[in-house]
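Breakdown of the fold
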Amino acid sequence: MEAKTSEDHLRGQKMKKKVLRKQVRAQHTLMRHEGIKCVSHATQNLVIANAGLGNGMSRQQLLRILEEYGAMETLLMPPNKPYSFVKYRTTEEAKKAFNALNGKEVTLEDCDQNIVLYINFVEKVSLQNAVPTSLPPGLMVIEKIISPEEERRMLESIDWKANEDTQNAQKTLKHRRVKHFGYEFRYDNNNVDKDKPLPGGLPEICNPFLEKCLKQGYIKYKPDQLTVNQYEPGQGIPPHTDTHSAFEDEIISLSLGAEIVMDFKHPDGHTVAIMLPRCSLLVMTGESRYLWTHGITPRKYDVVQASELGQKVRTITADVGDLTLNRRETRTSFTFRKVRRSPCNCIYPSVCDSQKGQQRLVQPSFPQNEMEASKLEQEYVHKVYEEIATHFSSTRHSPWPRIVEFLRSLPTGSIVADIGCGNGKYLGMNEDLYMVGCDRSKNLVDICGEKHFQAFVCDALSVPIRSGSCDACISIAVIHHFCTAERRLATIQELARLLRPGGTALIYVWAMEQEYKNQKSKYLKEKNGSKNKDKEMNTGTAQRSLNDQGPDNSSQDSAWSDQLLNDLKDESCGAKPVADFRLPVHTNRTSFHSQDLLVPWHLKGGTKKKKESIDTVVVPGSSKELQELSPVFHRYYHVFSEGELEAVCRSLDCVRVQKSYYDQGNWCVILEKL
C-alpha cells in the first residue's frame, strides 16, 4: 500500500514538473512571437495557451469551461491564434481558475482531439481590434436572391453520380468536385477553348435565375459558361483571380446548401473576409474581379461573429471580443461567366495575362548627385512602401528580442522616438515609456493610428522634434534605404540631434554578411520551405543571440575604418565613380553580391521566379487549378559591410559607440550622446 502511495506521489510530481515546463514554454512563446509578458503574481487576468480559435476552441465551449470559476468581465479570442485572454471580476476568481485549469486536459467539441490548457497571469487584457472593413470595390452580395424551393431544384439538377469526363466535364479535384457547362475551364492552361463549346449549353433550370439577374441589373449580358463546385467541410479553393483573357468583366456566384466565408485579398496584402449566406449571390466586377484574389481556405470551421451566428452577415470584422467558430456544411456554388472573344484591355496591366510583358523594370543607375539620390529613393523606397504598406505590415508583427530588451532597459518615463516606425510594432512595447513614431510612408503611419499609437509622417533626414528632447531613439531597418554615404551619415546626425546628453540610440541595418561566424542568418535559412518568403529580414522568431561586442572589443578592422572615413570625406556619393552603374536586382533568400541593389517584394500569393526583373506578373507553377497574378515591387537597399556602420557613427564627434553587435543578418550599434 505504501509502495503504491509512493508511486502515485512520484507520478504526480512528474506531472507537475511537466506542466510547469509547458507553462514556462508558453510564456516564452507569447513573449517571443507576440510581445505578451506574463507575470508571476496573481491578477484578474489570465492568458490561456492551447485554447483559441486557431486550434479549434469555440467561444461557447471556452465560456462554459471558464464560467465554473467565477464571473468574467472580458473574453478575448484573437482570430487564428491558439490562445485567449480572460478577465475575471476578482483576483480570487482568477486564482481559482488558474489552479483548476493549469495543466487540465479537455476535449474539443465535434472531434476526439484532446488538448491541455496552460495558464499564466498577465497584467491586463487588451487587444486592438481591426478597423471595420468594407467590401472590395466592384463587389456586391445580394442576400436571399432565390427561395429555398428554387435552391432545392437547382441542387437536384446536378447529378454528381455521373461518370467523370461526361459531356459536362465533371472532375474530382483535390479541393472539391467540379462540373462545367457551356465551356470547360481547363486547369492545365487556366483558360477555355473558345472554339469547343460543350454540348447542351447551360442547364434549363438556371434560366429563370439568370433572367432575374438581368432584369435587376446585376449582370449586363447573359453568361454562356457555368462552373458548379461542391465543397465538403474541410475543402476549399486556392486564392486566385479568374483569368482576364478567358472571361468578360462580370462574374457571379450563387451559394447553395450552406453559408461560407470567402477571403478576398488586394495585391498590397489587404484582406477582407466575407460571409456568403445560403441563397446569396456574389457579384464581382471591376477591381474586385480583375485585381483582388478570392478563395476559400480549406478548413472545417469558419471564424465568424458570435453575435451574428446564424444570421445573414457580410464582412467579418476582427472583433476579438465577438468571434467564434462556425462548423461548415456541404456547399455548392454555381459560378456564371461570359467567355471573352477579344484580348483583355483592363486598367490593371500589371496583373493581366493579355497585357503580360508590356511593362518591364528599367533598372536605375547609381545616383551621381544629391538630386538623383533623392529621386531614386522617391521611386524605389517611398512609392514602394506606400504601395505595399498593408502587406508589409502583415509580415511585421513579431518584435525582435534584443530591441525589446533595449526598450525594457530604459528608465520609467523615458521619452523615446522611433524614427522609421513602420506599422508601430515597437511603439506599444513598454507602457512605462512615452513613445512617438514617425515614418516616411503615410499608409504605414495610418496603420499606427489605427492601433492608437502616436505617429506622424516625416523624413528621417529632417525630424520635426526639438533638439535634445529624447531620452532614447531607435532606428530599425531604415538607414539602409538611403542611397549615398552622405545621406546615411545625415540620418545618424539627426538621431544624435534628438538625444539629450547621455541619451542612447539603437540602430539596425541589413548586413552584407548573411553568413557570419559559420552561421547562416535566418534570411538564408528560410530560402526553402518558408511560409513567408517576402520578409527580407528576421521578424524575431527563434532569434539567435550572439555575444555583444563592446566599444573596446570592436569587430571593426581599423585599416578598413580609416579607408571608409576617407571615402566619406572625399566622395560626394559615397562610392567610386562608375560609368552608368546599373543597380542589380537581388535574388531573394541568397547571399548578397553587391552592397547597392534592388530587392524584390513579391506580394502574397505569387510564386517568385529567380532573377525576376519584370515588374508585371508572376504565374505559379505549383497549381494547375489557377493562375495567380501578382505585381513585383523593387526596393533600394545599401547593405552594410562589417564595421561600416560603426565607422560612420565614430566619425561623429557628438556620440560614442556604446555597443556594437551582429544580430541575425543585421549590423547593430547603440550610441550614447556626449
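The rules behind the values
- Residues numbered from 1 in each chain as written.
- Predicted model: local features only at pLDDT ≥ 70, side-chain atom pairs only at ≥ 80, totals over all residues.
- Heavy atoms only, no water.
- Helix = DSSP H or I, 4+ residues; strand = E, 2+ residues; numbered from the N terminus.
- Expected span 1.5 Å × (residues − 1).
- Buried < 20%, exposed > 50% of the residue type's maximum accessible area, 1.4 Å probe, protein only.
- Salt bridge = Lys/Arg side-chain N within 4 Å of Asp/Glu carboxyl O.
- Pairing = 2+ DSSP bridges.
- Axes fitted to C-alpha atoms, helices over the stretch in contact; angles between N-to-C directions.

1. Focus: helix α10 (residues 485-498)
End to end, α10 covers 21 Å across 14 residues, agreeing with the expected 20 Å (1.5 Å per residue, within 8%). Within the span of α10, buried status applies to A485, R487, R488, L489, T491, I492, E494, L495, A496 and L498.

2. Quick word on the pattern of salt bridges
One pass over the full model with this rule turns up 20 salt bridges. Note that D263 and R299 form a salt bridge whose closest N and O atoms lie 3.9 Å from each other. With D263 in strand β16 (residues 260-265) and R299 in the loop between β19 (293-296) and β20 (301-305), this pair connects stretches of sequence that are 36 residues apart. For R299, a relative accessible area of 24% gives the class partly exposed. Across the salt bridge formed by E379 and K383, the nearest N and O atoms sit 3.2 Å from each other. Within this pair, E379 and its partner K383 are both found in helix α7 (residues 370-394), separated by four residues, close to a single helical turn. The partly exposed category is assigned to E379, whose relative accessible area is 39%. Judged by its relative accessible area of 42%, K383 is partly exposed. Three or more residues are tied together by salt bridges with common partners; here these are E149, R152, R153 and E156.

3. Looking at the sheet that holds β19
Working definition: the strands of a sheet are paired by backbone hydrogen bonds and lie parallel or antiparallel to each other. Spatially, the four strands line up as an open sheet ordered β14-β19-β16-β17, and their pairing is antiparallel. Whereas interior strands pair on both sides, the edge strands pair on one side only; in this sheet they are β14 (237-240) and β17 (271-276). Each strand of the sheet is rotated relative to its neighbour by a mean of 20°, with strand direction disregarded. Relative to β19, β14 runs antiparallel, the two sharing two bridges. Note that in β19 the partner of H240 across the bridge is H294.

Structural measurements only, silent on function.
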